[in-house]
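# Working through the structure, step by step
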Amino acid sequence: MGGKKESVQQLDDTYSASQDALSLLAENAELSDQDGRGVAFRRAAAVMKSLPEPVTSMTQLRGLPCLGEHSLRVIRDVLENGASREVESMKQSKQYKALKVLTGVFGVGAKTAARWIREGIHTLHQLRNSGHTLNRAQQAGLEHYDDLNQQVSKAEAEAIQQIVEEVVASVLPGAKVTLTGGFRRGKLMGHDVDFLITHPEEGKEVGLMSKVVSWLESQGFLLYQKTTRNSYLVSDDSPALPPSNMDRFERCLSIFKLAQDQPHRAKQLGALPLDTAEHRRGDSGLQTDQDSCSQRIQTPGGQEDTKPWRAVRVDLVVSPISQFAFAVLGWTGSKLFERELRRWAGQEKAMSLSSHALYDNKKRKYLQASSEEEIFAHLDLEFIPPSERNA
Ligand code: UTP
Ligand code: MN
């Protein structure tokens, strides 16, 4: 029955259209530095996503949590008109377009973007010509804008993992590298690649980050990096920090220069015989040897789109083994999942969960854990695997 199939398809479209509309409102709120509103719309979008079947009438939404007046108005608009007028006009607005462009620059947050927009800066071109002094992060962000706004694939994440594993193993044998963030949740694309590094012997991880960063820099793998020191202090009686999204691990925010496998280019430039170039295709884009072609070749015109590498945002975090389970849990996300988990810990269990520790407010002590499973057990929750933490 073609007709029926078609209408089911339409329903599905409406269903995801309302999710998309709510997600866009969330994004706009976040870009506008209104995180509270952002969370409300994200929750509403997550509720819509979790429904077992397409919504055809508003009555189906009765009694559902997290759907406020505003979200319901948007959903009704989508149901009745196929789109939300509010969202459509927001998408067309100069303000939204400018916010998206400017906050798309690495190193530029909502506040800075808003300030620039008030000064009449709406485009990258205007920003470049504004005479504003940009900090190092923003300069790198502007320089690698296109690359950094292009999604990172799982294959690219794995290529970077191989590089990171190699350097970590060479500067501290026995140290362990774990891929976290969205890729650990099984996502196929991401905006960056997140790694957590530890060593099975407490204290051995001290000094590791600077060695890793120096090695990466000396090999030309880093286009930008900023390392912040560990500022977490464990105290015996109360949590050293309140549960929040901020953690205090030693962390390196970086932009990697990832070689892309383009054997045809090597051939085109006459730099390598084809068979050698093809042989290289098998080695996952890893370029550690000094004579590799990809990092050194300047393309004839030097055009961005034909360069043999791309810029990728990479976060490196070092954790002592005693905090590792909490760090993995905290850095695996999603952000919404983490927020819900911490809320559960606080409200239902009177515990404070962070990426460093779990503190029992009633027993007035820290609860140790050496795996994510143990943390879920402390929280009286069934273990939720990373792939189910995407909501
Ligand atoms: P990301 O922002 O990298 O998100 O944070 P993601 O889930 O990997 O998705 P992409 O990268 O957009 O594809 C990953 C996790 O790390 C935590 C976040 O809470 C999130 O759960 N995180 C991030 C921190 O704990 N601290 C930070 O400073 C940044
Ligand atoms: Mn990530």
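Everything discussed here concerns the structure shown above.
Presented here is a report on the structure given in the accompanying data block. Here the residue index of a chain counts from 1 through its sequence in written order. A letter from A marks each chain and a number from 1 marks each ligand, given out in the order of writing. The predicted origin of the model limits local features to residues at a pLDDT of at least 70 and limits the giving and counting of side-chain atom pairs to 80 or more, whereas totals for whole chains, interfaces and linings rest on all residues. Just so you know, side-chain values use all the structure's heavy atoms and leave hydrogens and water out.

Below, the discussion takes up the overall build of the protein chain. Helix and strand content of the protein chain: 17 helices and 10 strands. Expressed as a percentage of its 391 residues, the buried residues of the protein chain come to 46%. In what follows, a contact means two residues having at least one pair of non-hydrogen atoms within 4.5 Å. Sequence-distant contacts, at least 24 apart, represent 66% of the contacts inside the protein chain between residues at least 6 apart. Per-residue accessibility takes into account occlusion by the displayed protein chains alone, with areas from the Shrake-Rupley method and a 1.4 Å probe. Within the structure as shown, the protein chain displays about 20,400 Å² of accessible surface, and the carbon and sulfur contribution to it stands at 50%. Helix and strand assignments follow DSSP, with helices taken as H or I runs no shorter than four residues and strands as E runs no shorter than two, numbered in order from the N terminus. Note on classification: 1.4 Å probe, protein chains only; a residue is buried when its accessible area is under 20% of the maximum for its type, exposed when over 50%, partly exposed between these limits.

In this text, near means that some heavy atom of the residue lies within 4 Å of the molecule or strand in question. Not every one of the 17 residues close to ligand 1 is listed here, only the nearest: Gly182, His191, Asp192, Arg251 and Lys335. The separation between an oxygen atom of ligand 1 and a polar side-chain atom of histidine 191 is 2.6 Å. Pairs of N or O atoms are called polar contacts if they sit within 3.5 Å, as long as, within protein, a hydrogen donor faces a hydrogen acceptor (for residues adjacent in sequence, only side-chain-to-side-chain pairs). Between ligand 1 and arginine 251, the relevant distance is 2.5 Å, taken from an oxygen atom to a side-chain nitrogen or oxygen of the residue. A total of 580 Å² of accessible area belongs to ligand 1 in isolation, and the protein chains cover 85% of it.

A cis geometry characterises the amide bond from glycine 333 onward to serine 334, with omega recorded as -5°. Structurally, serine 334 can be placed in the loop between helix H15 (324–332) and helix H16 (335–349). Unlike most non-glycine residues, alanine 350 shows phi in positive territory, near 50°. For alanine 350, the position within the fold is in the loop between H16 and strand S8 (351–353). On the accessibility criterion, alanine 350 (23% relative accessible area) is partly exposed. For aspartate 380, which is not a glycine, the phi torsion comes out positive at approximately 60°. Tracing the backbone shows aspartate 380 in the segment after helix H17 (372–378).

A few words on the pattern of salt bridges. Just to be clear on terms, a salt bridge is a Lys or Arg side-chain nitrogen sitting within 4 Å of an Asp or Glu carboxyl oxygen. Counting across every chain of the model gives 17 salt bridges. Between lysine 111 and aspartate 33 there is a salt bridge; the shortest N-O distance is 3.1 Å. A residue pair is termed long-range when its members are at least 10 positions apart, and lysine 111 in helix H6 (residues 110–118) and aspartate 33 in the loop between helix H1 (2–31) and helix H2 (35–50) qualify at 78 residues. For lysine 111, a relative accessible area of 59% puts it in the exposed group. Each of the salt bridges in this network shares a partner with another, and the network as a whole consists of Asp192, Arg251, Arg313 and Asp315.

A few words on the packing of H2 against H16. Here H2 crosses H16 at 100°, and the two axes come no closer than 11 Å. When the axis of H2 is compared with that of H16, the two are roughly perpendicular. Note on element contacts: H16 touches H2 through Leu336, Arg339, Glu340 and Arg343, opposite Val39, Arg42, Arg43 and Ala46. Across the contact of H2 with H16, the residue classes tally to three nonpolar, no polar and five charged. Only the stretch in contact is used when a helix axis is fitted, and all axes are lines through C-alpha atoms; the angle between N-to-C directions ranges over 0 to 180 degrees. Our angle categories are set so that under 35 degrees counts as roughly parallel, over 145 as roughly antiparallel, 65 to 115 as roughly perpendicular, and the remainder as oblique. Polar here means any residue outside two lists: the nonpolar Ala, Val, Leu, Ile, Met, Phe, Trp, Tyr, Cys and Pro, and the charged Asp, Glu, Lys and Arg; Gly therefore counts as polar.

If you trace the backbone, glutamate 158 turns up in helix H10 (residues 154–171). For the pair glutamate 158 and phenylalanine 183, spaced 25 residues apart in sequence, the C-alpha separation works out to 9.4 Å.

Moving on, we get to the coordination of the manganese ion (ligand 2). Note that water is not among the atoms used; donors are N, O and S atoms within 2.8 Å of the metal (3.2 Å for Na, K and Ca), so sites may look incomplete. The manganese ion (ligand 2) binds to the protein through Asp192 (OD) and Asp194 (OD); the donor distances cover 2.0 to 2.1 Å. An identical accessibility class is assigned to aspartate 192 and aspartate 194; each is buried.

Any two strands with at least two DSSP-identified bridges between them are counted as paired. Within the open sheet, the five strands sit side by side as S2-S4-S7-S6-S5. Their pairing is mixed. Of all the strands in the sheet, just strand S2 (176–179) and strand S5 (222–228) have a single pairing partner and so form its edges. The sheet shows a mean angle of 25° between the axes of neighbouring strands, taken without regard to direction. The pairing of S2 with strand S4 (residues 193–198) spans four bridges and is classified as antiparallel. Directly across from threonine 178, in S4, lies its bridge partner leucine 196. Lying on the sheet, helix H8 (residues 136–143) is in contact with S5 and strand S6 (250–259); it crosses S5 at an angle near 150°.

Before going further, it helps to spend a moment on the environment of methionine 48. Tracing the sequence through the fold places methionine 48 in helix H2. Looking at methionine 48, the relative accessible area reads 1%, which means it is buried. Sequence separation between methionine 48 and leucine 67 is 19 residues; the distance between their C-alpha atoms is 8.9 Å.

Two elements in contact, helix H4 (residues 85–92) and helix H5 (residues 94–103), have axes separated by 5 Å at closest approach and are oriented at 60°. Regarding the angle of H4 to H5, the classification is oblique. On the side of H4, the interface is formed by Met90, Lys91 and Gln92, while H5 contributes Lys94, Tyr96 and Lys97. Looking at the contact of H4 with H5 residue by residue, the class counts come to two nonpolar, one polar and three charged.

Moving on, we come to helix H3 (residues 69–81). Here a helix's expected span is defined as the number of its residues, less one, multiplied by 1.5 Å. Along its 13 residues, H3 runs 18 Å from first to last C-alpha, staying within 8% of the 18 Å computed at 1.5 Å per residue. Those residues of H3 that sit buried are His70, Ser71, Val74, Ile75, Asp77 and Val78. Angularly, the buried residues of H3 cover 155° about the axis, an arc narrow enough to put them on a single face. Relative to its buried face, H3 has exposed residues pointing more than 90 degrees away, namely Glu69 and Glu80. Phi turns positive, to about 85°, at glycine 82, one or two residues after H3. Within this analysis, the arc is defined by the directions that extend from the helix axis to the C-beta atoms.

Interpretation in functional terms is not warranted from these geometric data alone.
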